[in-house]
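# Coordinate inspection notes
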Amino acid sequence: MIHSAILIRPPRLVGRDSDSDYEQQMEPQAPSAEELAVWALQGAIKIRCHNFVFVTLRSSSVRNLYGVFATIKYLSCVSLLKSLYAFKYHADSGKDIPAKHFDLRTEFQRMGVGNADGVGRYWRFSESNRKFQLCATYPPLLVVPSKISDTTLTYAARYRSKARLPALCYLHPNGFSMTRSSQPMVGLKQARSVQDEKLVEAILATSEPTGTPPRFQYERSNIIIDARPTTNAVVNRAVGAGSENMDHYKRCRKVYLGIDNIHVMRDALNKLVDAIQSGDGKGEETVGVVSRIQNSKSNWLRHIANILEGAKAIVEAIDGGNHVLVHCSDGWDRTAQLTSLAQLCLDPYYRTISGFATLVEKEWVSFGHQFTLRGGYLGHPDRFKVTRAASPKASSKSHMSRRGELTGDSASIASSSNENGTDENVASEAASDFDTLLQTGTSMFGRFATRAFRGVQSRISSAIQAASDDIDDTDPFISEYPELQPNYVLPPAVDSADTADGSSTSKRSNGFRLGRPKHDHETSPVFQQFLDCVFQLWVQHPTMFEFNERFLLDLFYHLHSAQFGTFLCNNMKERSAVDLASTTTSIWAWMEQSNHVYVNELYQGDENKRDQRTIAPNPQFVQYWSAMFSGYDPAFATRQASERSSSGELLSRPGSVEQLPSTSDGHSKLVDELDSIVI
């Protein structure tokens, strides 16, 4: 559950003769034990958890502080998948929980696939990917149009990124389908694939009375959904990918949704976390978490609204009698979000507890969402950093000096210029002229150059500051824990060329490195965003879901707890290699043991009522999910302290399932006020 941690060393004592303060403070002639204990308490370990819990640890012994931090880093930065808690939990107690297996064929048969008299008579099951030879990230069983042979599928897969060809993921009772894929490999030369075009045409023909498209041209009502911004899709042509050329795909049109990529979503979440945490010890407690989130400019709610807007477009198209093909870049992040949410709105079965489990198993687990990479379960030692607390007496000077860090040596230049009789602000103004010039640029290159220039400035300043800290301050404890030093590389855990998660270990070595590991850039809150969108639908349609908010909160918690094998590995091929089904426990089986806890007592869904079958998301009403991000707001706590102190009630994050409010009791007054933030 630990996302990252920072070890803050105690500040250097001011007024000593030697620069080696750490060494002298440990000598017998150093200050008294009481003084050293007070000094050591100025250091701390600040921990950020994935479930937005923030913990600060302090100790009167600096050595103990280092030892605890090194242990936290060691236990958090595992390098092997089988070192995660899920395998130990299953061996200890999880094996007693009855297994719960998902059958993809059964789910598609429920939709009507394979029924000779129903809407699925134009579709067939294909086992061309039985040994993952067609696509390594797709399930072994695929559903494709009946008139498409396995040979055609083989050639069509070569035209799609990661061989993720168009395949059925949902068949509506009206006969219209939702299919998913990855981006086509168009490239700068505008490459095309006759087999891919034939496959898409056959998908559009499955709703025809005779199973074949008519000779005359139909109106372009069927939709190819490209979840990316238009610019991103065009830029991908430079690397051999891109988007469909609609001159070759008849009877359909293309729509760009403008949903940002995983890197933008990760940055948005980090800004949101900074806003939640910013009131900790910074004199902003009375501002309140809601106000801080509104001022953070994270755009988190905007991203949620964009995803719901895309899901709404898919729901309206299929419910209105059109086929929809959904893809993004590789088809396992934004595509999974959109197809899952659209099916949740179209099919009341997926709004039940068992149906929601089936939906996640089908769209996320079977179709290859990269849970291990996106969740960051392995590695990430760079998230654990060591820094030093500022000296209290020098804090004001440090604050003034840091104002010039972004401009490098501009402060020293200004000082020398002032001695020559020039204005002391000339240097700082000159240093900002270039940045101002870049800001005024209206071209894309100008904006890119501005961001790049600021990033280089920040990195250089941080590197210089870190180097000066190492020169000025000798820390004897750091030598005892070399793994805490920057850029330290952990030794390889195994000698094999490839691990179960697909990462290579043959090139690892002891020592130090520069830069960040590539997998640090692959983490992103994709599934968390999906749960947030489900929460928005749950709030907008409170009587249409069998499960309650506690159900979603438990899923979010165990997404990062690594207690169950459901959210491990990146695709079905990896799951088969490590045999997750028999070596780990399914979260759905664990939840089924206490199913009554997750029941929404307001649920009134009825599959037989046509007017209740489809629900529509409202992107204009999106609110902050307080129960997930923060269950405590000091601004509200101050107002309600008197009435709550008498009853002994505490305003805190629920620490266990039993403390979460049930649907029948309603939200607490605090949560109601926090939930009032909407866009």
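The sections below set out a description of the structure shown in this document. (Residues numbered from 1 in each chain as written. Predicted model: local features only at pLDDT ≥ 70, side-chain atom pairs only at ≥ 80, totals over all residues. Heavy atoms only, no water.)

## Things to note about the pairing of strand β1 (residues 2-9)
Among the eight residues of β1, six are classified as buried, and the element is accordingly described as predominantly covered. In terms of strand pairing, β1 meets strand β2 (residues 44-49) through six bridges, oriented antiparallel. Counted as the bridge partner of I2 is C49 from β2. As paired strands, β1 and strand β11 (residues 384-388) are joined by five bridges and run parallel to one another. Along β11, the bridge assignment pairs R9 with R388. (Buried < 20%, exposed > 50% of the residue type's maximum accessible area, 1.4 Å probe, protein only. Helix = DSSP H or I, 4+ residues; strand = E, 2+ residues; numbered from the N terminus. Pairing = 2+ DSSP bridges.)

## Details of the sheet that holds strand β10 (residues 324-327)
With mixed pairing, the five strands of this open sheet are ordered in space as β6-β7-β10-β8-β9. With partners counted over all chains shown, the strands left at the sheet margins are β6 (167-171) and β9 (252-256), one partner each. Direction aside, the axes of adjacent strands within the sheet are offset by 25° on average. In the sheet, β6 pairs with strand β7 (residues 177-180) via four bridges, with the strands oriented antiparallel. (Axes fitted to C-alpha atoms, helices over the stretch in contact; angles between N-to-C directions.)

## Some remarks on helix α12 (residues 334-346)
If you check α12, its first and last C-alpha atoms are 18 Å apart, about what 13 residues at 1.5 Å a residue would give, namely 18 Å. Burial of α12 is extensive: 13 of the 13 residues sit out of reach of the surface. (Expected span 1.5 Å × (residues − 1).)

## Some remarks on the environment of S182
Mapped onto the secondary structure, S182 falls in the loop between β7 and α7 (194-204). The class for S182 is buried, based on a relative accessible area of 0%. Taking C-alpha positions, S182 is 9.6 Å from Y159, a pair spaced 23 residues apart along the chain. The contact partners of S182, leaving out residues within four places of it in the chain, are R160, S161, R164, H327, S329, D330 and G331. (Contact = heavy atoms within 4.5 Å.)

## What about the packing of helix α11 (residues 300-319) against α12?
Contact geometry of α11 with α12 gives a least axis separation of 8 Å together with a crossing angle of 55°. Taken together, the axes of α11 and α12 are oblique relative to one another. Crossing geometry of α11 relative to α12 is assigned as right-handed. Note on element contacts: α12 touches α11 through Q337, L338, L341, A342, C345 and L346, opposite I307, L308, G310, A311, I314, V315, I318 and D319. Along the lines of polarity and charge, the residues of the contact of α11 with α12 split into eleven nonpolar, two polar and one charged. (Parallel < 35°, antiparallel > 145°, perpendicular 65-115°, else oblique. Left-handed = near helix turned anticlockwise from the far one by under 90°. Nonpolar A, V, L, I, M, F, W, Y, C, P; charged D, E, K, R; others polar.)

## Observations regarding helix α5 (residues 104-111)
Along α5, the positions that sit buried rather than exposed are L104, E107, F108 and M111. Along the axis of α5, the buried residues cluster in a sector spanning 95°; they form a single face. At its buried positions, α5 is contacted by β4 (123-126), β5 (142-145), β6 and α13 (353-366). Positioned one or two residues after α5, G112 has a phi angle of 115°, which is positive. (Arc of directions from axis to C-beta.)

## Some points on the pattern of salt bridges
Enumeration over the complete set of coordinates arrives at 16 salt bridges. For K88, the salt bridge is made with D92, and the minimal N-O distance between the two is 2.8 Å. On the criterion of helical spacing, the pair formed by K88 and D92 is a turn pair, its members being four residues apart in helix α4 (residues 85-92). Put simply, R110 and D347 hold a salt bridge, and the shortest N to O gap is 3.0 Å. Highlighted residues: R110 in helix α5 and D347 in the loop between α12 and α13, separated in sequence by 237 residues. (Salt bridge = Lys/Arg side-chain N within 4 Å of Asp/Glu carboxyl O.)

## Describing the sheet that holds β2
Reading across the sheet, the four strands line up as β3-β2-β1-β11 and stay open at both edges, with mixed pairing between neighbours. Both outer strands of the open sheet, β3 (54-57) and β11, are each paired with one neighbouring strand and no more. Each strand axis lies, on average, 15° off the axis of its neighbour in the sheet, ignoring direction. Helix-sheet contacts for helix α3 (residues 62-76) involve β1, β2, β3 and β11, and the interaxial angle to β1 is about 160°.

## Quick word on the nonpolar core
F356, F551 and F629 are the most contacted members of the largest nonpolar core, which has 121 residues in total. Here this core gets eleven residues from one element, more than from any other, and that element is α11. W39, I45, I47 and L65 belong to the second-largest nonpolar core, a separate cluster that totals 15 residues. (Core = buried A, V, L, I, M, F, W, Y, C linked by side-chain atoms within 4.5 Å.)

## What about a nonpolar patch on the surface?
The grouping of V55, L57 and V68 at the surface amounts to a nonpolar patch, some 180 Å² of accessible area in total. You can see V68 is positioned in helix α3. (Patch = residues over 30% accessible without salt bridge, like charges linked within 9 Å, V, L, I, M, F, W, Y side chains within 5 Å. Areas by Shrake-Rupley, 256 points an atom, 1.4 Å probe, with all protein chains shown as cover.)

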